[in-house]
Amino acid sequence: GENVEQHPSTLSVQEGDSAVIKCTYSDSASNYFPWYKQELGKRPQLIIDIRSNVGEKKDQRIAVTLNKTAKHFSLHITETQPEDSAVYFCAARSVKAAGNKLTFGGGTRVLVKP
Amino acid sequence: GAVVSQHPSRVICKSGTSVKIECRSLDFQATTMFWYRQFPKKSLMLMATSNEGSKATYEQGVEKDKFLINHASLTLSTLTVTSAHPEDSSFYICSARRDEGTEAFFGQGTRLTVV
């Protein structure tokens, strides 16, 4: 089955700097890659996603890149703000996965220091 | 986005009792719902996939007789933790989606504490 690895597990950045989180996946049949933000005790919220037919997608301060050949994708947050502090999860969905389920990475705890 | 509501948000129960958690899609019909378990500072671990009108598909290592899942309608799935033990204490989250290939939306989670 699909295996998703996420790095780093923790990331501390100064307000205004950029944050980059990287994920790799194992199943070449994966075609959908969402990113979720989860604040403490809250539900995961989809912040951006990318499908395998594009290499990059941007939404204001957030961007995601996908390299299908290398089977990795990354989340980029620019001009970080304290409210960006949260746990971020990447995920991948394979067309072969039973139930079309998502496989999540281990998460990255991001701390933006004012 | 669509709204998924999970109830209760917190529950404390005694060892040996059963607890039912509800997951409702409020403004759409969900053909599929997913149940996850999340340990502190850990990722979401898929427990089972629930399709309306059929038996749930459980992930390897998840006891189907302990975690009973029912998806009787297109807007409601329930997870019952039977004969709960302290090690079942965790954060349980559901997600729901309309159709295969569409985005899944998460409920707010249920923090279960078994004492």
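You'll find the structure just up there.
Residues numbered from 1 in each chain as written. Chains lettered and ligands numbered in written order. Predicted model: local features only at pLDDT ≥ 70, side-chain atom pairs only at ≥ 80, totals over all residues. Heavy atoms only, no water.

Undergrad: Would you mind showing me how to read the nonpolar core here?
TA: Nonpolar side chains tend toward joint burial in soluble globular proteins. Counting residues in each nonpolar core, the largest one holds 27 residues, and the members touching the most others are B:F67 and B:L112. If you list the elements that add at least two residues to this core, you get strand 2 (10-13), strand 3 (19-25), strand 4 (32-38), strand 5 (44-51), strand 7 (67-73), strand 8 (76-81), strand 9 (90-97) and strand 11 (110-114) of chain B. Sequence-distant contacts of B:L112, that is, excluding residues within four places in its chain, are made with B:V11, B:C13, B:V19, B:V81, B:D88, B:S89, B:S90 and B:Y92. Within the second largest apolar cluster, 23 residues are counted, among which are A:V13, A:I50, A:I62 and A:A92. (Core = buried A, V, L, I, M, F, W, Y, C linked by side-chain atoms within 4.5 Å. Buried < 20%, exposed > 50% of the residue type's maximum accessible area, 1.4 Å probe, protein only. Helix = DSSP H or I, 4+ residues; strand = E, 2+ residues; numbered from the N terminus. Contact = heavy atoms within 4.5 Å.)

Undergrad: Would you explain the interface of chain A and chain B in this entry?
TA: Facing the 19 residues of chain A at the interface are 21 residues of chain B. Buried surface at the junction of chain A and chain B, summed over both partners, amounts to about 1,600 Å²; 51% is from carbon and sulfur atoms. Broken down residue by residue, the surface that chain A buries against chain B is led by A:R43, A:K101 and A:F104, which jointly contribute 32%. Run the count over chain A and chain B and you get one salt bridge. Its salt-bridge partner being B:E59, residue A:K101 comes within 2.8 Å of it at the nearest N-O pair. At the surface where chain A touches chain B, the tally comes to seven residue pairs in polar contact (both at pLDDT 80 or more). Contributing elements (two or more residues each) for the side of chain A that touches chain B: strand 4 (30-38), strand 5 (45-51), strand 9 (86-94) and strand 10 (102-104) of chain A. With three residues, the top contributor of residues to the side of chain A that touches chain B is strand 4 of chain A. (Buried area = accessible area lost by both parts, 1.4 Å probe. Salt bridge = Lys/Arg side-chain N within 4 Å of Asp/Glu carboxyl O. Polar contact = N/O pair within 3.5 Å; in protein donor to acceptor, adjacent residues only side chain to side chain.)

Undergrad: Explain the environment of B:H7 here, please?
TA: All names here are of chain B. Among the secondary structure elements, H7 is positioned in strand 1 (residues 4-7). In this structure, the C-alpha to C-alpha distance between H7 and R24, residues 17 residues apart in sequence, is 8.4 Å. Not counting residues within four places of it along the chain, the set of residues in contact with H7 comprises K20, I21, E22 and T110.

Undergrad: Even after reading the chapter, I still don't get unusual backbone geometry, so can you show me in this structure?
TA: Peptide bonds are, in most cases, trans, and in most cases residues other than glycine have a negative phi. Residue A:P8 is bonded to the preceding A:H7 through a cis peptide linkage, with omega at -5 degrees. Within the element layout of this structure, A:P8 appears in the loop between strand 1 (4-7) and strand 2 (10-14). Cis peptide bonds are those with omega within 30 degrees of zero, and the linkage from B:H7 to B:P8 qualifies with 0 degrees. Mapped onto the elements of the fold, B:P8 is located in the loop between strand 1 and strand 2.

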